[in-house]
Amino acid sequence: MGIKVNSIEQPLNLDQPDNKIMLAIYLAVPEVENDKISIRTTEGSRRANKEGCWTSTAPIGYKNQRTSEGKASLVKSEKSELVKEAFEYITKGFPADEVRRIMHKKGLNISKSRFHLLIKNPVYNGKVKVPAYKNEDEYYAEGLHDAIVSDQLFNRVQDILKGRKRSKKKWSTKNENLPLRGHILCSKCGRILTGSASTGRWGGKYYYYHCRLGCKERFKVDQAHDMLDDFLSKCTIDKGISDLYYDIVSERYGNNKQVRSTKMNRINKEIKELKEIISRAEDNLFEGKIGIATFEKGKVKYLKKITDLEFDHSELKNHGLNFMTQIKTALKIFENLKNLYNNASWEGKQMLMGSIFTEKIIFEKNRCRTLLNMF
Ligand SMILES: [Zn+2]
């Protein structure tokens, strides 16, 4: 049937067994190739967020601007009044999509999905998100910037939105005949397909996944499930290849305790040497052999190296075995994906679909392909 899987960020050709395993690893451990620099940036920007700084691009209604103390923050832009008006419209009982249309005419050009995020974004009542990190949970800090909407208005809108969400829940109710309901995106309009039964001429029930409100997209349940079956078979990894890959990964990522501890010792030694260099430079500074500028410049350089090494050290310490356990689990799942899915309960199917295809799947008639964005 020619079903294809793909990661949007990095297309994989699944005819290659290697790629199937790469897929398994992508799915299981998104942070496999986590760039150290990005982690360090995360730490820095998180610290700034705690102080109320805004460290990313300004959301609509604001402009990026530093405070008089030089801290990254926001000031209201000329669109801020429109943003406030949007919140007010919601409290008057207008549906969000309607409000978006009204605001669009007034000059607030924003996509549907971004609008839905906008009216939930606590930046507008003056908050800054401090993302979850390591042991700390996500929370909102008091921002340095001025709020566009009051706490009262913001919370009122959130209550209304939550209320509407509850009333929509009927689409994801449990139905054993429609395990994929809520997981398929319409290839024509991008909405999530729902499913329902229609009664045939002789009283038999026929189940369909279908789109809503004027969109004609529609699949017989059997057809959709065959397509999924086919796709899951393609994702399945041979046991031999799986074992081989485990060995390769374990070599590459240092599952071997010996290798890891050797590396960690080497890093410790390097850190010690760098600290000694700094201390010698201090001596030279006191003895007047080098100037303060030279000293500071060198010290910054060596401290940065030390930070990098300390980071590598903690990576090695934390990652190792835990990581390989995750890989093993992922490989086991992919050795057995199709059976696992087909034998799973409705809840199990929901879990598998939800965790593997986090961004839903798309079935297209004729070409029958499945697209997924893995993260
Ligand atoms: Zn549709």
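Counting restarts for each chain: residues are numbered from 1 in the order of the written sequence. With pLDDT at 70 or above as the cut-off, local features in this predicted model cover only qualifying residues; side-chain atom pairs require 80 or more to be listed or tallied, and sums for whole chains, interfaces and linings still use all residues.

### Side note on the pairing of strand β1 (residues 62–66)
Successive side chains on a regular strand alternate, one facing one side of the sheet and the next facing the other. Keep this limit in mind: For two strands to count as paired, DSSP must find a minimum of two bridges between them. Every helix listed is a DSSP run of H or I at least four residues long, and every strand listed is a run of E at least two residues long, numbered separately from the N terminus.
Direction of pairing for β1 relative to strand β2 (residues 72–76): antiparallel, over a ladder of five bridges. Note that in β2 the partner of N64 across the bridge is L74. The antiparallel pairing of β1 with β2 creates a hairpin that spans five residues between the two strands, and G70 there sits at a positive phi of about 85°.

### What about the packing of helix α3 (residues 80–91) against helix α4 (residues 96–106)?
Our working rule: To obtain each axis, a line is fitted to C-alpha atoms, and for helices this fit is confined to the stretch in contact; angles are then taken between N-to-C directions over 0 to 180 degrees. Roughly parallel means an angle under 35 degrees; roughly antiparallel, over 145; roughly perpendicular, 65 to 115; everything else is oblique. Crossings are assigned a handedness: left-handed for a near helix turned anticlockwise from the far helix by less than a right angle, right-handed for a clockwise turn. Here, residue contact means that the backbone-derived C-beta atoms of the two residues sit within 7 Å. Classification used: nonpolar for Ala, Val, Leu, Ile, Met, Phe, Trp, Tyr, Cys and Pro, charged for Asp, Glu, Lys and Arg, polar for all others including Gly.
For the pair α3 and α4, interaxial distance at closest approach is 10 Å and the crossing angle is 150°. Regarding the angle of α3 to α4, the classification is roughly antiparallel. Considering only the axes of α3 and α4, their crossing is right-handed. Contact with α3, carried on its side by L82, E85, A86, Y89 and I90, involves A96, V99, I102, M103 and K106 of α4 and no other residues of that element. For the contact of α3 with α4, the per-class residue count stands at eight nonpolar, no polar and two charged.

### Here's the deal with helix α7 (residues 221–235)
What counts here: Every helix has an expected span of 1.5 Å times one less than the residues it contains. Partly exposed residues are those whose C-beta has more than 12 but fewer than 20 other C-beta atoms within 10 Å; with 20 or more the residue is buried, with 12 or fewer it is exposed, and the C-beta atoms are placed from the backbone. Directions from the helix axis toward the C-beta atoms define the arc.
The terminal C-alpha atoms of α7 lie 21 Å apart, and with 15 residues this matches the ideal 21 Å at 1.5 Å per residue to within 8%. When α7 is considered as a whole, its buried residues turn out to be A224, M227, L228, F231, L232 and C235. The buried residues of α7 occupy an angular sector of 135° when the element is viewed end-on, so they sit on one face. When the buried face of α7 is taken as reference, the exposed residues oriented beyond 90 degrees from it are D222 and S233.

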